[in-house]
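Here is how the chains run, residue by residue.
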Amino acid sequence: MPTNADPATAASHSQQVTNELKALLDAAVDGVIVIDHKGSIETFNAAAERLFGYTAAEVAGKNINMLMPDPYSSGHDQYMQNYQRTGKARIIGIGREISAQRRDGTIFPASLAVGEIPGSGAKRFVGFLHDISARKAATDALRRERDRAQSYLDLAQVMLLAIANSGHITLINRKGCEILGYTETELVGRDWFEQCIAEPHREAARATLAATLRGDTSLLEYSEDEVVTSDGEIKLIAWRTTRVTDEEGRAIGTLSSGEDVTDQRHAEQALKRSEQLLRSAQAIAKLGNFEIHEPDGAALWSQQVYDITGRDPDSGALLLKEYAADCVHPDDRARFLHDWRRGVAETGRIDLEYRIVRPDGSTRVVQTLAQTVPSNDAQSLIITGTVHDITERKLAEEELRLGQERLTHVARLSTMGEMATGLAHEINQPLTAIATYAQALVRMMDSPSGGERAELREALVQITSQALRAGEVIRRLRAFVKNRAAKTETLDLNRLIEDLRVLAEPDARVNDVRLILTLAPSVPPVAADPVQIQQVLLNLVRNAIDALLEAPGAPRQVVVTTQLVGQDVEVCVIDQAGGIPPEVAVNLFNPFFTTKATGTGLGLAISHSIIRAHRGKLGHRPTPGGGTTFHFTLPQLPGG
Amino acid sequence: MKEKPATVFVVDDDDAVRTSLRLLLKSVGLPVETFASAQEFVDSFDAERAGCLVLDIRMPGMSGLELQQRLNEIHAIVPIVFITGHGDVPMAVEAMQHGAVDFIQKPFRDQDLIDRINQALEKDRDNRAGLKERDAIRRRMQQLTPREREVLDLVTQGKANKVIAGDLNVSQRTVEIHRARVMEKMGASSLAHLVRMVIEAERAT
């Protein structure tokens, strides 16, 4: 310690330092507060006075915690003791934001920096306090503004994405995170392309970014890109992208709004596919459809209707009457329109078959099925329906019908062939009688008496009748074997069977079999093709005769009966031959199955289909006492 | 024998054929009787009646072939002309094998039929004449004594008198006397005639 120091001088010097320090402290903008080791306030500068509303005198020697709101105030003493004991500081040398309390109790934010004042003895501390209310208010306002903006971004139901020139994500909203399956922090700052674009597309996507940054693209350029989500799912995003520039117009990144159109695109694709499917189905089925509005006849036709009719869809939708006039075959037109109107008016259902003429002159057969559907407007009516090209089916049906007819004819000829001996005999009989009568006549006329007139006349009458008899057999034979189209007539089955005797009986006779007809006194008429029914009957009689030839001891007779069974007329052909073995019965109606050495195997198969075509049934059962009864039914004519 | 003229019996189930045949045969002066079935003919059959049968080979019930069989069974000798259709050749062959005179296919020339009928009638006459002759020979044979019958048998076997005498253990002279009586009783003009008569008599009836 210097001993030569002038105490007065020293004192005045010290005073001057104190004054300078005070002036310095009071000039400071920040509040400066010195406290001792217990927290008692030693120094409180002018700025502090302004900040807190206390005078230095008022706070001198008071605990610093008076300047703090709870809970800081109550914890401060403990804090200081901790520091002095452990040397661990939480503020010193660091500075932090704290809350301070004014004299009037209001609290304000402040930044605080604390330093320890070196020296001997107890520790003292100096604190610099800066009111940051204004700054904080501004920051808060800014934050609020940002939060609001963020909430707008987050509210947006589109993905919002900002990318820097480098390709790093600078902003992404909640929807974006949702779509991509990441949190915001997992995305912001990451390379967008690495993170979210599948490798094969990255190059192109980067190029697009570059183009946008160069300004090569339009404002809000539209694009679609696939992105990869966190779990590897591919999503299709529709983007609107714009360039972001700084004040000087330099590109600093892009901002994009993106919409997840994956489902929508799938739906669109599904719709498109289903439309394609429908269209190709219509094309394959040759089935078009339409919707027609009555009464004006305005119509919507599917592509296939145009394809069927050979019309150009681009030449405008045809009205119904135009369709009738241009497409429907002239011979079918009147019927088409008549049936259409009647269907609409009476049943609401339309089922029409008609021909259409294509521009090239070719004809197609089509079927139109349609029905009326309720319309919102009571004055109008909607008719929806189909136009189905059934030409091929018709041709196939015709082909089948002709084939069936040919086969039926062959079977008929074959049956006739089996009966040939009997029929030849049947024609030979009247020829023999005629020849014999004629020769007798000659001899009688050559005799001296010239013959008795009555006898000569009788012989001539007989000749005539026998010639007619032969002619009748031939006529029936021709009618039976002629190749002809099926035709339905109203038939009396009794009469048909009586007529059949001419053909069936000779065959029976040559085989020494009696043909017995046990017909009901009368049966109601049926609608049937007489030749086809005769064919069935002859076939059954033939079979019965053949069965009898195999059964030497059996009564040599075939009985044909008619009777009314319910609504049907039943015809039975009954023999008492050996019956049908089970292994034969199984195949009985199969084509080409035969037990006869020279049989075609067509007879029963065709008989079966003939009866079925007449909506009847052909079957067989054992004859009581042995043999077989073949029976078939034909429905009687309604009201017959 | 009753002196009814030889009759043509027509059996045919076809009315027209039957009636026209009747008229034709009548026009050439042949007596005709017609039958609509074989059974009808059988029912009125009289073996004594001369004539022939014109028979339809195919008929319901008893066929022509069956009637022929039936007649053969009762040794009826009536000659048959079969009428056949076109397809009946196998049946006609069978009929011929069973003794039919002939067959004719329908329709036929009247002369062909009449020729065959005349042929049949002639055969019937021959048959009946033969029958008559046989009956006479048998009656004569029955008048022979047992010894004369023995001699007849040996003579017709071609044995000489001396051999026969040895066989019968009689004298040659005795054989000669028996032989002369046989020739006389049988009305034989020569040995050859005698042999013919014995063969005729032994024929089946």
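Chains are numbered independently. Their residues run from 1 in the order of the written sequence. Chains and ligands are labelled by the order in which they are written, letters from A for the one and numbers from 1 for the other. It should be noted that, the model being predicted, local features are given only for residues of pLDDT at least 70 and side-chain atom pairs only at 80 or more, the latter also being counted only at that level, while totals for whole chains, interfaces and linings use all residues. Excluding hydrogens and water, the side-chain values take into account all heavy atoms of the structure.

Comments concerning the confidence of the model for chain A
Values of pLDDT, which run from 0 to 100, indicate the predictor's confidence residue by residue. For chain A, the mean per-residue pLDDT works out to 86, and 97% of the residues sit at or above 70. Put simply, DSSP marks the helices as runs of H or I at least four residues long and the strands as runs of E at least two long, and each gets a number from the N terminus on. Ranking the elements of chain A by mean pLDDT puts helix α1 (residues 7-27) of chain A last with 78 and strand β20 (residues 568-574) of chain A first with 95.

What to know about the pattern of salt bridges
Pairs can form between side chains of opposite charge once their charged atoms are near each other. By salt bridge we mean one thing: a side-chain nitrogen of Lys or Arg within 4 Å of a carboxyl oxygen of Asp or Glu. Considering all chains together, one arrives at 52 salt bridges over all chains under this definition. Of the charged contacts in the structure, one is a salt bridge between Arg116(B) and Asp102(B), with a shortest N-O distance of 3.2 Å. Here Asp102(B) lies in strand β5 (residues 102-105) and Arg116(B) lies in helix α5 (residues 110-142), a separation of 14 residues in the sequence. For each residue, the accessible area found with a 1.4 Å probe, counting protein chains only, is set against the maximum for its type, and the residue is called buried under 20%, exposed over 50%, and partly exposed in between. Look at Arg116(B) and you get partly exposed, because its relative accessible area is 21%. Its salt-bridge partner being Arg128(B), residue Asp124(B) comes within 2.9 Å of it at the nearest N-O pair. You can see Asp124(B) and its partner Arg128(B) sitting in helix α5, four residues apart, about one turn around the helix. Looking at Asp124(B), the relative accessible area reads 1%, which means it is buried. Accessibility expressed as a relative area gives 15% for Arg128(B), which makes it buried. Salt bridges sharing common partners tie together Asp191(A), Glu194(A), Arg202(A) and Arg206(A).

Things to note about the packing of helix α16 (residues 453-481) of chain A against helix α1 (residues 15-27) of chain B
Axis separation between α16(A) and α1(B) bottoms out at 11 Å; the angle between their running directions is 145°. In the packing of α16(A) onto α1(B), the handedness of the crossing is left-handed. Of α1(B), the residues touching α16(A) (which contributes Glu455(A), Ala459(A), Gln466(A) and Arg469(A)) are Ala16(B), Leu23(B) and Lys26(B). Gly falls in the polar group here, along with every residue not listed as nonpolar (Ala, Val, Leu, Ile, Met, Phe, Trp, Tyr, Cys, Pro) or charged (Asp, Glu, Lys, Arg). Residues of the contact of α16(A) with α1(B), tallied by class, amount to three nonpolar, one polar and three charged. Axis angles are defined between N-to-C directions and span 0 to 180 degrees, where every axis is a line fitted to C-alpha atoms and, for a helix, only to the segment in contact. Should the near helix be turned anticlockwise from the far one by less than a right angle, the crossing is left-handed, and should it be turned clockwise, the crossing is right-handed. Residues count as neighbours in contact if any of their non-hydrogen atoms are within 4.5 Å of one another.

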